[in-house]
Amino acid sequence: MARSVTIQRKSLNTLIAWIIGLLLFFPILWTILTSFKTEAQAIADPPVWFFFDWTLENYRVVQERSNYSRFLWNSIIIAGGSTILGMIIAIPAAWSMAFVPSNRTKDILLWMLSTKMLPAVGVLYPIYLIFIQLGLLDTRIGLTIVLMLINLPIMVWMLYTYFKEIPGEILEAARMDGAGLKEEILYVLTPMAIPGIASTVLLNIILAWNEAFWTLNLTAARAAPLTAFIASYSSPEGLFYAKLSAASTMAIAPILILGWFSQKQLVRGLTFGAVK
Amino acid sequence: MGQIVLEKVTKSFGDVTVIPPLDLTIEDGEFAVFVGPSGCGKSTLLRLIAGLEDVSSGEIRIDGKESASIPPAKRGLAMVFQSYALYPHMTVRKNIAFPLRMAGLDKAEQDRRVEQAAAVLNLTDYLERRPGQLSGGQRQRVAIGRAIVREPAAFLFDEPLSNLDAALRVGMRLEISELHNRLKTTMIYVTHDQVEAMTMADKIVVLRAGHIEQVGSPLELYKAPRNLFVAGFIGSPKMNLIEGAEAAKHNAKTIGIRPEHISISATEGRWSGVVGVSEHLGSDTFFHVQETGLGETLTVRADGEVNFRHGDRIFLTPRDDVMHRFDDKGLRIA
């Protein structure tokens, strides 16, 4: 029997969805609003909502005080680099696990996931020492490698579940149709796997972009990405809320825009396998 | 052209032997059907011929050429899968053209052959659609189209009709038979449905647990099943198998009589029994007769007009000239 949904029920659902949505979005909205206030308005009690003197002053000061484009560039290189590097490792790994599984495949997958259960701070000290030894401290390449390793289990898992959904018979059909391994991968597997690869790439860029623990601990000046840029404004002294908000807005804007345009792809990728 | 010879072919997965040493020859142009209950190794056998599985030992010769070590792409065979296995990201045109593209044919020739296949299979209007936009029967036709364009040495069908509904299945059965008559190419067809086997095959290969139980034309298998397994498997409804005193009268451990070879009467006959369930198909009626004293419920075919009710006592007479006799090993006594 089809469930009949009354109008009241529907509007209630809509209302609840909007409330949850707004609650989730509120911190971002508040940050953006605050970034256009003066420092005094930013800490005003009761808080001012929309009716204040909109100003770009904070952005000007932030621009003057620090080199935004350098942080941005570092973020792009670190997030992009770790994603590309990760995909180069994760695609063949997931591929072989999905299509030529061994008795140990499930164990390896679980073991990889288990590394994500370890609190990051638990390995900070050894990694810090390794970085000093190898001279990787405050370098983009070092950070790229660390972020790649942090996110690799997620990438392999996502791709694995995606590849798993590609029926083996289609690959066999390609083989029967005269395709060699190269053609099979190029014309059949890859086109079918592209949605999965794309959403894995997107999610990974977002995760790497927002990663703060490692970026703050392993960088100083040269390789610092936007997360460090934000942190530099959270000073315990002085009134810096508005400027902190401006910095935050500038840091999250690129990834927010990317996420907005790719949301359909992302949702599809993240729910793949669960909803068919 | 497309003779396929298997010599002492075996297949094991680890310690499990799926195909014990097996010899089989399928002649050029023949329509061979592998039939047997699920798990009998018929699909494995087909996949060995296709090259999707490697033989553990033995030889496979296609067209006289030793092929057991050649990859599937190079064997010149085409396969239609149970799930159709169409490429979801390609249009029907590209799906059908794929094997031609792999063979390196030029675009014009590809188009010509695709159009030709589409015309044969009534797919011309659907060439620009994707598989997701087609019905089950149309997808099946695309899969067949993809197989025929490359003009293979032989076609391999792996239970191709089992995902279709009953009416479509009958239609596609005819279409595949028609295709075979026109192309005269070797076809190997795997099914668990003995009706498909009987209606389509030139040669039926009955398999059980990897062993070939019997090879022969549909009528040979129907008229002279080599053992009890084939006797019970071929024919619908199943042959009645009777043991005990009645069989001993015929100097056999078991006798078999098909439902259509027993005449039915309200007044007299050799055996008697009480009507249980009757299945009315219109043209025929099948009576399941109980309390016959023969130890079994007998299935009897009668004309559609014959009407007995549940509980009626009736009389049955088997035709002795078409009675099958089997010894204590279950083998046919000539």
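Residues numbered from 1 in each chain as written. Chains lettered and ligands numbered in written order. Predicted model: local features only at pLDDT ≥ 70, side-chain atom pairs only at ≥ 80, totals over all residues.

**Let's talk about the overall build of chain B**
Rules: Working definition: helices are DSSP H or I runs of at least four residues, strands are E runs of at least two. Numbering for both runs from the N terminus. Residues with at least 20 neighbouring C-beta atoms inside 10 Å of their own are called buried, those with 12 or fewer are called exposed, and the rest are partly exposed, where every C-beta is derived from the backbone. A residue pair is marked as a contact if its C-beta atoms, positioned from the backbone, fall within 7 Å.
Looking only at helices and strands, chain B features 9 helices and 18 strands. Seen through its principal axes, chain B has C-alpha atoms that stretch 75 × 45 × 35 Å. Expressed as a percentage of the 334 residues in chain B, the buried residues total 41%. Restricting to contacts in chain B with at least 6 residues of sequence separation, those with at least 24 account for 62%.

**A short note on the overall build of chain A**
Within chain A, the secondary structure is distributed over 13 helices and 0 strands. The secondary structure elements of chain A, listed N-terminal to C-terminal, are α-α-α-α-α-α-α-α-α-α-α-α-α. Per-residue burial over chain A gives 30% buried out of 276 residues. The long-range share in chain A, meaning contacts at least 24 apart out of those at least 6 apart in sequence, stands at 77%.

**Regarding helix 8 (residues 168-176) of chain A**
Residues that lie three or four places apart on an α-helix share one face, since the helix turns once every 3.6 residues. Residues of helix 8 of chain A that are buried include every one of A:Ile170, A:Glu172, A:Ala173, A:Ala174, A:Arg175 and A:Met176, and no others. Along its buried surface, helix 8 of chain A packs onto helix 9 (181-210) of chain A together with helix 1 (42-50) and strand 6 (77-80) of chain B. Directly after helix 8 of chain A, the chain includes A:Gly178, whose backbone phi takes a positive value near 100°.

**Here we look at unusual backbone geometry**
All names here are of chain B. Backbone torsion omega between Ser236 and Pro237 reads -5°, so that peptide bond is classified as cis. Looking at the secondary structure, you find Pro237 in the loop between helix 8 (228-233) and strand 11 (240-243). Despite not being glycine, Asn122 shows a phi value in the positive range, around 60°. For Asn122, the position within the fold is in the loop between helix 3 (107-120) and helix 4 (136-148). Taking the number of C-beta atoms within 10 Å as the measure of exposure, Asn122 has 12 and is therefore exposed.

**Notes on the sheet that holds strand 4 (residues 57-62) of chain B**
Strands in a sheet are paired, the pairing made by backbone hydrogen bonds, and the direction either parallel or antiparallel. Residue and element names in this part refer to chain B. Put simply, the rule is: Any two strands with at least two DSSP bridges between them are considered paired. A fitted line through C-alpha atoms serves as each axis, taken over the contacting stretch for helices, and the angle formed by two N-to-C directions is quoted from 0 to 180°.
Strand order in this open sheet of 4 strands is 2-1-4-5, and the pairing throughout is antiparallel. Only two strands of the sheet have a single partner each, and these edge strands are strand 2 (16-26) and strand 5 (65-66). In terms of strand pairing, strand 4 meets strand 5 through 2 bridges, oriented antiparallel. Opposite Arg61, over in strand 5, you have Glu66 as the bridge partner. Packing against the sheet, helix 1 makes contact with strand 1 (4-13), strand 2 and strand 4, and its axis sits at approximately 115° to strand 1.

**What about the sheet that holds strand 15 (residues 284-290) of chain B?**
All names here are of chain B. Taken in spatial order, the 5 strands of this open sheet run 13-17-14-15-16, and their pairing is antiparallel. Taken across any chain shown, the strands that pair with only one partner, and hence form the sheet edges, are strand 13 (262-265) and strand 16 (298-303). Across the sheet, the mean angle from the axis of one strand to that of its neighbour is 45°, orientation sign disregarded. Where strand 14 (residues 271-280) lies against strand 17 (residues 313-318), 4 bridges are found, and the strand directions are antiparallel. Each bridged residue has a counterpart across the sheet, and for Val274 the counterpart in strand 17 is Arg313.

**Concerning the pairing of strand 3 (residues 31-35) of chain B**
Residues and elements named next belong to chain B. Buried residues dominate strand 3, accounting for 5 of its 5 residues. The alternating pattern of strand 3 places Phe31, Val33 and Val35 on one face and Ala32 and Phe34 on the opposite face, and all of these are buried. Taken together, the 5 bridges between strand 3 and strand 8 (residues 186-191) define a ladder with parallel strand orientation. Across the sheet, Val33 pairs through a bridge with Tyr189, a residue of strand 8. Looking at chain direction, strand 3 and strand 9 (residues 203-208) are connected through 4 bridges and run parallel. Bridge pairing in strand 9 links Val33 to Ile204.

**A word on the interface of chain B and chain A**
The figure often quoted for interface size is the accessible area lost as the parts come together. Here is the rule: Side-chain classes are defined by residue name, with Ala, Val, Leu, Ile, Met, Phe, Trp, Tyr, Cys and Pro counting as nonpolar, Asp, Glu, Lys and Arg as charged, and the others, Gly among them, as polar.
Contacts between the two partners involve 18 residues from chain B, matched on the other side by 15 residues from chain A. Counting residues per element, the ones that place at least two in the side of chain B that touches chain A are strand 6 and helix 2 (92-102) of chain B. Residue classes in the side of chain B that touches chain A are distributed as 15 nonpolar, 2 polar and 1 charged.

**Examining the environment of A:Ala198**
Secondary-structure assignment places A:Ala198 in helix 9. For the pair A:Ala198 and A:Ser262, spaced 64 residues apart in sequence, the C-alpha to C-alpha distance is 9.5 Å.

**Considering the nonpolar core**
Applicable threshold: The term nonpolar core refers to a set of buried Ala, Val, Leu, Ile, Met, Phe, Trp, Tyr and Cys residues connected through C-beta atoms within 7 Å. Boundaries between domains were set according to an automatic or database domain assignment.
Grouped together as the largest cluster of nonpolar side chains are 139 residues, with contacts concentrated most on A:Leu159, B:Val33, B:Leu156 and B:Ile188. Of the residues forming this core, the biggest block, 12 residues, is contributed by helix 7 (residues 140-164) of chain A. Per-domain counts for this core show at least three residues from each of domain 1 (4-227) and domain 2 (237-326) of chain B. Beyond its immediate sequence surroundings of up to four residues, B:Val33 is in contact with B:Tyr189, B:Thr191, B:Ala197, B:Met200, B:Ala201, B:Ile204 and B:Val205.

**Focus: the environment of B:Met102**
Tracing the chain through its elements places B:Met102 in helix 2. B:Met102 sits in the partly exposed class, given 19 other C-beta atoms within 10 Å. Sequence-wise, B:Met102 and B:Ala73 are 29 residues apart; in three dimensions their C-alpha atoms are separated by 9.4 Å. Contacts of B:Met102, omitting those with residues within four sequence positions, involve A:Asp177, A:Gly178, A:Ala179 and A:Glu183.

**A few points about the pairing of strand 15 of chain B**
All names here are of chain B. Bridge analysis of strand 14 against strand 15 gives 5 bridges, and the strand direction is antiparallel. For His280, the partnering residue across the bridge sits in strand 15 and is Thr285. Counting the residues that bridge the hairpin from strand 14 to strand 15 gives 3 residues, and of these Gly282 lies at a positive phi of roughly 95°. Here 6 bridges tie strand 15 to strand 16, and the two strands are oriented antiparallel to one another. Along strand 16, the bridge assignment pairs Thr285 with Ala302.

**Here's the deal with helix 9 of chain A**
Put simply, the rule is: What a helix should span is 1.5 Å times the count of its residues minus one. The angle between axes fitted to the seven residues ending at a residue and the seven residues starting there is what we call the bend at that residue.
Along its 30 residues, helix 9 of chain A runs just 38 Å from first to last C-alpha, ending more than 12% under the 44 Å computed at 1.5 Å per residue. The largest bend in helix 9 of chain A comes to about 50°, at A:Thr190, with the proline A:Pro191 one to four residues further on.

**Topic: the domain arrangement of chain B**
What the domain assignment lists for chain B is domain 1 (4-227) and domain 2 (237-326). A C-alpha centroid distance of 38 Å is found between domain 1 of chain B and domain 2 of chain B.

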